[in-house]
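An overview of the molecular structure
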Amino acid sequence: RPILRRDGTEVWRKPLADNKKVAIVFFFRGIDTAGPMPEPPEQPRSIGVRWPELGYPNNTKIAVRDLWRRNSLGIFQGNFRATVRHREALIYVFSQIPAMNNERVAISR
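The shown structure was predicted, so the numbers you read here are calculated from the model rather than taken from an experiment.

Sheet topology places strand E1 (residues 2-6) next to strand E2 (residues 9-15); four bridges connect them, and they run antiparallel. Paired with Arg6 across the two strands is Thr9, which belongs to E2. Examined bridge by bridge, E2 and strand E3 (residues 21-28) share seven bridges and lie antiparallel to one another. Counterpart to Lys14 in the pairing with E3 is Ala23. From the end of E2 to the start of E3, which pair antiparallel, there are five residues, and Asn19 there has a positive phi angle of about 60°.

What follows is the structure in structure tokens.
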């Protein structure tokens with residue numbers, strides 16, 4: 001389901017089957033989505049999501065995995081942002097880290 005739509009960008013959230021992970025999709029459709037790709041294409045946008053928008057407290061640690069690139073991006077607290085090119089979609093899996101885990105945290109601002 002969409003949790004954010006603003007200026008041609010969208011963030012979608014989908015709980016996964018195990019209910020411990022969430023798929024997050026960042027879209028940058030652009031302002032004018034009808035017709036061919038504008039020349040030049042719109043500049044990339046920074047799209048982000050804050051934990052309360054996903055139902056998590058701000059102090060929750062979340063492991064983020066990029067599904068397209070098949071790699072882990074690290075552990076974040078409070079929010080996560082990515083730069084998305086025009087008419088691109090980025091897909092991530094967010095996994096909540098148990099509170100007793102003392103791994104390093106990348107705090108995104």
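Moving on, we come to the environment of Lys14. Here Lys14 shows up in strand E2. Taking the relative accessible area as the measure of exposure, Lys14 reaches 54% and is therefore exposed. In sequence terms Lys14 and Val93 are 79 residues apart; their C-alpha atoms lie 9.5 Å from each other.

So, about the layout of surface pockets. Considering only enclosed or pocket space, the largest pocket measures out at about 250 Å³ in volume. What lines the largest pocket is a set of 14 residues, and nearest its centre among them are Leu4, Arg6, Ile47, Gly48 and Arg81. Counting residues per element, the ones that place at least two in the lining of the largest pocket are E1, strand E4 (45-50) and strand E7 (79-84). The dominant element in the lining of the largest pocket, judged by the number of residues it contributes, is E4, at six residues. In the lining of the largest pocket, the residues fall into three nonpolar, four polar and seven charged.

Right, let's talk about the nonpolar core for a bit. If you look at the biggest cluster of nonpolar residues, it comprises 20 residues, and the most contacted ones within it are Phe26, Trp51, Phe80, Tyr92 and Phe94. The greatest single-element share of this core, amounting to four residues, is contributed by E3. Residues contacting Phe94, with those up to four places away along its chain left out, are Lys20, Lys21, Val22, Ile24, Val49, Trp51, Leu54, Ile62, Ala63, Val64 and Phe80.

Reading the values: the criteria
- Residues numbered from 1 in each chain as written.
- Predicted model: local features only at pLDDT ≥ 70, side-chain atom pairs only at ≥ 80, totals over all residues.
- Heavy atoms only, no water.
- Pairing = 2+ DSSP bridges.
- Helix = DSSP H or I, 4+ residues; strand = E, 2+ residues; numbered from the N terminus.
- Buried < 20%, exposed > 50% of the residue type's maximum accessible area, 1.4 Å probe, protein only.
- 1 Å grid on protein atoms, 1.4 Å probe; cavity = no way out; pocket = protein on both sides within 12 Å on 5 of 7 lines; lining within 4 Å.
- Points joined across faces, edges and corners; volume = space filled by probe spheres on them.
- Nonpolar A, V, L, I, M, F, W, Y, C, P; charged D, E, K, R; others polar.
- Core = buried A, V, L, I, M, F, W, Y, C linked by side-chain atoms within 4.5 Å.
- Contact = heavy atoms within 4.5 Å.

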